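Listed below, chain by chain, are the residues.
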Amino acid sequence: MRLLLVEDDAMIGEAIRAGLRRDGFTVDWVHDGQTAEQVLKTESFDLLLLDLGLPRKAGLPVLSDLRARGDALPVIILTARDAVSDRVQGLDAGADDYLVKPFDLDELSARIRALLRRKSGQTAPAIEHLGVILTPAEHTVQRDGQDVALSPKEFALLQLLMERPGTILSRERIEERLYGWGEEVESNAVEVHVHSLRRKLGTDFILTVRGVGYRVRPS
Ligand code: CA
């Protein structure tokens with residue numbers, strides 16, 4: 001899952017990015033509201049983490065403009081402002097959730113997962129498909145009751161595919177979701193991960209749709 005973090009405080013931003021990467025998220029980070037807006041218009045993310053007090057353009061107008069463009073991207077506001085009125089303003093401007101600094105990174109991770117679940121229409125914390133159970137919060141995968149060890153990228157790819165069983169995802173779209181800026185992507189990276197997942201989960205769990213992309217086998 002690819003997140004955009006908008007935070008001007010270097011130490012806080014660094015801590016959030018490091019923590020979320022450890023939890024398996026792809027995190028891209030910008031430091032001001034104007035850059036955030038440009039990036040939001042040209043690239044696609046699964047979720048936005050938005051500070052309110054930002055240089056060049058504050059968080060609230062960034063959020064209002066995003067919603068005015070009809071963009072339904074899930075948004076969590078992260079801010080030191082704990083006044084009730086700020087919280088109300090943020091939610092009314094279109095935020096889905098709100099965390100007041102300082103917050104616990106585990107809580108942030110959990111809220112991100114909850115929002116992403118809601119976005120994809122899932123209600124259960126684990127995704128189950130054809131005997132494979134993937135639990136995002138625990139970063140575990142089981143196949144027929146046996147634990148399967150996956151690398152972080154393999155896990156992210158499997159989650160992407162299992163959240164939309166039957167939907168075909170192109171290699172480009174998968175790469176975009178799996179790799180942030182500055183991450184080296186080998187041209188055959190997705191193929192390599194798929195190959196490895198097939199080795200671990202069985203050859204027919206992930207299907208190749210020639211010339212289009214990949215999907216999990218429909219049930
Ligand atoms: Ca700030």
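Once a new chain begins, its residue numbering starts again from 1 and follows that chain's sequence as written. Note on the predicted model: pLDDT of at least 70 is required for a residue's local features to be given, and 80 or more for side-chain atom pairs to be given and counted; whole-chain, interface and lining totals, by contrast, use all residues. Hydrogens are left out, water is left out, and the side-chain values use all remaining heavy atoms of the structure.

## Concerning the coordination of the calcium ion
(1) Moving on: Atoms are scored as donors when they are N, O or S and lie within 2.8 Å of the metal, with 3.2 Å used for Na, K and Ca; no water is included, so coordination may look incomplete. On the protein side, the calcium ion has Asp-8 (OD), Asp-51 (OD) and Gly-53 (O) as donor atoms, found 2.1 to 2.3 Å from it.
(2) Moving on: Binding-site remark: the calcium ion is held by donors from one chain whose sequence spacing is D-x42-D-x1-G.

## Points about the side chain of Ser-109
(1) Moving on: In this structure, Ser-109 sits in helix H5 (residues 105-119).
(2) Moving on: Contact between two residues is taken to exist if any of their heavy atoms lie within 4.5 Å; hydrogens are not considered. Excluding anything up to four places from it in sequence, Ser-109 contacts Leu-20, Asp-23 and Phe-25. A helix here means a DSSP run of H or I that spans at least four residues, while a strand means a run of E at least two residues long, and both kinds are numbered starting from the N terminus.

## A closer look at the sheet that holds strand E1 (residues 2-6)
(1) Moving on: Sheet architecture is open: 5 strands sit in the order E2-E1-E3-E4-E5, paired in parallel fashion. A strand with exactly one partner marks an edge of an open sheet, and here the two such strands are strand E2 (26-30) and strand E5 (97-100). With direction set aside, neighbouring strand axes in the sheet form an average angle of 20°.
(2) Moving on: Against the sheet, helix H1 (residues 10-22) contacts E1, E2, strand E3 (47-51) and strand E4 (75-79), and its axis sits at roughly 165° relative to E2. The pairing criterion for strands is at least two bridges between them, as found by DSSP. Here, axes are lines fitted to C-alpha atoms. For helices the fit covers the stretch in contact, and angles between N-to-C directions go from 0 to 180 degrees.

## Re the sheet that holds strand E9 (residues 146-148)
(1) Moving on: On the basis of which strands lie adjacent, the open sheet formed by 4 strands has the order E6-E7-E8-E9 and antiparallel pairing. This sheet does not close on itself; its edge strands, each paired only once, are strand E6 (127-129) and E9. This sheet shows a mean twist of 25° between the axes of neighbouring strands, independent of strand direction.
(2) Moving on: Here strand E8 (residues 140-143) runs beside E9; their pairing, made up of 3 bridges, is antiparallel.

## A short note on the environment of Arg-69
(1) Moving on: Tracing the chain through its elements places Arg-69 in the loop between helix H3 (59-68) and E4.
(2) Moving on: Each C-alpha atom, one on Arg-69 and one on Lys-41, is 9.5 Å from the other, the two residues being 28 residues apart in sequence.
(3) Moving on: Residues in contact with Arg-69, not counting those within four places in the same chain, are Glu-37, Leu-40 and Lys-41.

## Remarks on the pattern of salt bridges
(1) Moving on: What makes a salt bridge here is a side-chain nitrogen of Lys or Arg within 4 Å of a carboxyl oxygen of Asp or Glu, nothing more. Overall, the coordinates contain 21 salt bridges when judged by the stated rule.
(2) Moving on: Measuring nitrogen to oxygen at the nearest pair gives 3.3 Å for the salt bridge that ties Arg-17 to Glu-14. With Arg-17 and Glu-14 both in helix H1 and 3 residues apart, this pair spans about one turn of that helix.
(3) Moving on: Of the charged contacts in the structure, one is a salt bridge between Arg-111 and Asp-97, with a shortest N-O distance of 2.9 Å.

## Regarding helix H7 (residues 171-178)
(1) Moving on: All of the buried residues along H7 are Ile-174, Glu-175, Arg-177 and Leu-178. In a view along the axis of H7, the buried residues occupy a sector of 165°, so they form one face of it.
(2) Moving on: Against the buried residues of H7 lie E1, E2, helix H6 (152-163), helix H8 (189-201) and strand E11 (213-216). A simple rule labels every residue: compare its accessible area, found with a 1.4 Å probe on the protein chains alone, to the largest value its type can have, and call it buried under 20%, exposed over 50%, or partly exposed in between. The arc refers to the directions leading from the helix axis to the C-beta atoms.

## Remarks on H1
Each turn of an α-helix holds 3.6 residues, which means side chains three or four residues apart point in the same direction.
(1) Moving on: Across its 13 residues, H1 extends 18 Å between first and last C-alpha, which sits within 8% of the 18 Å expected from 1.5 Å per residue.
(2) Moving on: Burial in H1 covers these residues: Gly-13, Ile-16, Gly-19 and Leu-20. The arc enclosing the buried residues of H1, seen along the axis, measures out at 140°, which places them on a common side. For H1, the exposed residues lying more than 90 degrees away from the buried face are Met-11 and Arg-22.
(3) Moving on: Contacts made by the buried residues of H1 are with E1, E2, E3, E4 and H5.
(4) Moving on: Definition of a polar contact: a pair of N or O atoms within 3.5 Å, with one able to donate and the other able to accept a hydrogen when the atoms are protein atoms, and with sequence-neighbouring residues admitted only if both atoms are side-chain atoms. For H1, the N-terminal capping position is held by Asp-9, with its side-chain oxygen 3.0 Å away from the main-chain nitrogen of Met-11.
(5) Moving on: Of the residues one or two after H1, Gly-24 is the one with positive phi, at around 95°. To estimate the expected span of a helix, count its residues, drop one, and scale the result by 1.5 Å.

Worth remembering: the numbers are spatial, not functional.
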